[in-house]
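A look at the structure
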Amino acid sequence: MTLVDASSDLGRALDGLPGDLRGHVDLLRERVFDSVRNLPQFDLLLTELIGLARGCGAGTTVVALERTILYGRNPFAAIFRGSRFVSLDCSPASAEGRGAYNARLVDDPRFVDVAHDARRCTPEHLDAPDASADLVIVPNLVHHVRDQSGMFAEIHRVLRPGGRAYVFEPLLRELHQEPDDYVRYTPYGLTDALARVGLVPTAESRTGGPFSAIAYCWLQALQYVPESERPRLARWFHDEHLPELMRMDEAHRDNVVRKWTSFPTAFSVTCTKPA
């Protein structure tokens, strides 16, 4: 397995993309994932999805496991528009009450709508035939699934021999979309769980560090402050402290006190189904 302790390089990934798709990715960064200003860990997800899409041709079937009901539209279909894209909305029943409360985030002329196959199902019973997918992507979903082992077994089932699965997960998140928030895997735990269903891990990427973790927790803490005080504290943090924390995250990668220790904020694992 190749282990990459990497910050995302989205600028390089965007090179050569058509203008409309670059605008779409800019929208995702600015409004959907807020990675431009607050949550840079999601740039790893976008960088690697763009890289995966470059290797997918017209004959490639890509199956995405997501919570599409949150946005009302699939945010990743445009990235894979050169392939057959199947969006499996795995939103829990409790999401029905919340509905598409993030629809305003994709209500932007830069959003690229792409025709694709959209279905609703549960992650433990995917609406896809056996051995039908060349690539399965699971972006930011695993922690919202109660039966992770059942979902991983289903991913193995729908993958063709030689097919790949890509899973992106945060390590640091608040409890959200309660009560459907169940688990935080480490890279080692997720790798082990995928291997247990017969998938072979081939690559791992990590992003973030202890200083971006501080930034993330501060940004969450701001939401607990009364609205009248929030603008002043937000300006103080963004103008004086966030840039410095990001610089420190880049400069200080290794724990110099405790060995065998690291502090990524998010990671991904890629694996294959043996031929």
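Read on for a plain summary of the structure. Source: prediction; values computed, not measured.

Each value, and the rule that gives it
Residues numbered from 1 in each chain as written. Predicted model: local features only at pLDDT ≥ 70, side-chain atom pairs only at ≥ 80, totals over all residues. Heavy atoms only, no water. Core = buried A, V, L, I, M, F, W, Y, C linked by side-chain atoms within 4.5 Å. Buried < 20%, exposed > 50% of the residue type's maximum accessible area, 1.4 Å probe, protein only. Helix = DSSP H or I, 4+ residues; strand = E, 2+ residues; numbered from the N terminus. Contact = heavy atoms within 4.5 Å. Axes fitted to C-alpha atoms, helices over the stretch in contact; angles between N-to-C directions. Parallel < 35°, antiparallel > 145°, perpendicular 65-115°, else oblique. Left-handed = near helix turned anticlockwise from the far one by under 90°. Nonpolar A, V, L, I, M, F, W, Y, C, P; charged D, E, K, R; others polar.

Residues Ile-79 and Phe-80 are the most contacted members of the largest nonpolar core, which totals 40 residues. Every element with two or more residues in this core is listed here: helix H1 (10–14), helix H2 (19–32), helix H3 (42–54), strand S2 (61–66), helix H5 (103–106), strand S5 (133–139) and strand S6 (159–170). It is H3 that provides the largest number of residues to this core, a total of 8 residues. The contact partners of Phe-80, leaving out residues within four places of it in the chain, are Leu-49, Leu-52, Ala-53, Cys-56, Val-62, Phe-85, Leu-135 and Ile-137. Listed in part, the 29 residues of the second largest apolar core include Cys-121, Leu-126, Phe-267 and Cys-271.

In this model, Glu-178 is joined to Pro-179 through a cis peptide bond whose omega is 10°. In this fold, Pro-179 is placed in the loop between S6 and helix H7 (187–196). For Ala-131, which is not glycine, the phi dihedral falls at a positive 50°. In this structure, Ala-131 sits in the loop between strand S4 (117–120) and S5. Residue Asn-140 is not a glycine yet carries a positive backbone phi of 65°. Mapped onto the secondary structure, Asn-140 falls in the loop between S5 and helix H6 (148–158).

We now examine the packing of H2 against H3. Following both chains from N to C, one finds H2 and H3 inclined at 160°, their axes separated by 11 Å at the closest point. Overall, the two elements H2 and H3 adopt an arrangement that is roughly antiparallel. H2 and H3 meet at a crossing whose hand is right-handed. Packed against H2, whose contacting residues are Val-25, Leu-28 and Arg-29, the element H3 presents Asp-43, Leu-46 and Ile-50 at the interface. Class assignment of the residues belonging to the contact of H2 with H3 gives a composition of 4 nonpolar, no polar and 2 charged.

Treat this as a map of the structure, not an account of what it does.
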